[in-house]
Amino acid sequence: MSSLNTEKWNRILVRFLLAFSFWEAVSIPLRMLFFSKFYFDPTLKSMFVPITDVFWLGPVFSDLSFTLAFGFLYALMKESLPQGLVGGFLVGILVSIIGFVSPMLWTVSLTNVAPIALVWVWVAYYSLFTISTAVIYSVGWNAED
């Protein structure tokens, strides 16, 4: 594992800005697409607030911190990870399984915190986020070496 020098910081920050701006452009339509079915369900109406009452700083800060943390981890481990588009998809899928699918399987099997369909839509949403971030961080990293 090598240290983070100026070149690596520049690569991390450029890919961070690209991944974060891409996801913020895509996330609001995806949230509305994925969760609109549940928003209009009368049994789940208490779980959702109207879009005009959403404090958008929370989801944006969450996306920002995840994207930046994922970039740091990718930069520190990139020598042992697969490279390119296929490598990005593979890393994204594996991180999604480890970070979202496995904990949700465990949580849903032990508790009934939310409807199972809502939980899996949430997992799918964040899996897409993770896969797109991994692909952006992995493509072209070695082109500057």
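Residues numbered from 1 in each chain as written. Predicted model: local features only at pLDDT ≥ 70, side-chain atom pairs only at ≥ 80, totals over all residues. Heavy atoms only, no water.

**Some points on the packing of helix α2 (residues 57–77) against helix α4 (residues 116–138)**
Geometry of a packed helix pair, given as the angle between the helix axes and the separation of the axes.
So, step 1. One can describe the packing of α2 onto α4 by two numbers: an axis separation of 10 Å at closest approach and a directional angle of 45°. Viewed along their axes, α2 and α4 adopt a mutual orientation that is oblique. Crossing handedness for the pair α2 and α4: right-handed. Residues Ser62, Asp63, Phe66, Thr67, Leu68, Phe70, Gly71 and Tyr74 of α2 lie in contact with α4, whose contacting residues are Tyr126, Phe129, Thr130, Thr133, Ala134, Tyr137 and Ser138.
So, step 2. Of the residues in the contact of α2 with α4, the class split is eight nonpolar, six polar and one charged. (Axes fitted to C-alpha atoms, helices over the stretch in contact; angles between N-to-C directions. Helix = DSSP H or I, 4+ residues; strand = E, 2+ residues; numbered from the N terminus. Parallel < 35°, antiparallel > 145°, perpendicular 65-115°, else oblique. Left-handed = near helix turned anticlockwise from the far one by under 90°. Contact = heavy atoms within 4.5 Å. Nonpolar A, V, L, I, M, F, W, Y, C, P; charged D, E, K, R; others polar.)

**Thoughts on the pattern of salt bridges**
So, step 1. For the structure on display, the rule yields one salt bridge.
So, step 2. Salt-bridge contacts for Arg31 lead to Asp63; the nearest nitrogen and oxygen are separated by 3.3 Å. Of this pair, Arg31 sits in helix α1 (residues 6–39) while Asp63 is found in helix α2, placing the two residues 32 residues apart along the sequence. This pair shows no difference in class: Arg31 is buried, exactly as Asp63 is. (Salt bridge = Lys/Arg side-chain N within 4 Å of Asp/Glu carboxyl O. Buried < 20%, exposed > 50% of the residue type's maximum accessible area, 1.4 Å probe, protein only.)

**Concerning the nonpolar core**
So, step 1. Judged by nonpolar contacts, the single largest core of 17 residues is most densely connected at Phe34, Phe35, Phe38 and Tyr125.
So, step 2. Taken together, the elements giving at least two residues each to this core come down to α1, α3 (84–110) and α4.
So, step 3. Examining the composition of this core, we find that seven residues originate from one element, α4, more than from any other. (Core = buried A, V, L, I, M, F, W, Y, C linked by side-chain atoms within 4.5 Å.)

**Some remarks on the environment of Lys37**
So, step 1. Along the polypeptide, Lys37 turns up in helix α1.
So, step 2. Take Lys37: its relative accessible area is 63%, and that puts it in the exposed class.
So, step 3. Once the C-alpha coordinates of Lys37 and Val101 are considered, the two residues, 64 residues apart in sequence, prove to be 21 Å apart.

**Some remarks on the side chain of Ser127**
So, step 1. Residue position: Ser127 is located in helix α4.
So, step 2. We classify Ser127 as buried; its relative accessible area is 11%.
So, step 3. Here the side chain of Ser127 touches Val123 through a polar contact of 2.7 Å, landing on its backbone oxygen.
So, step 4. Beyond its immediate sequence surroundings of up to four residues, Ser127 is in contact with Ser96 and Phe100. (Polar contact = N/O pair within 3.5 Å; in protein donor to acceptor, adjacent residues only side chain to side chain.)

**Focus: the UniProt feature "transmembrane region" (unreviewed entry) in the protein chain**
So, step 1. Within this structure's numbering, the places UniProt gives as "transmembrane region" (unreviewed entry) are residues 12–34, 54–77, 84–106 and 118–139.
So, step 2. A distance of 30 Å separates the end C-alpha atoms of residues 12–34, which is 100% helix and 0% strand.
So, step 3. Across residues 84–106 one finds 100% helix and 0% strand; the C-alpha atoms that close the span lie 32 Å apart. (UniProt positions renumbered as here; feature names shortened; annotations may be inferred.)

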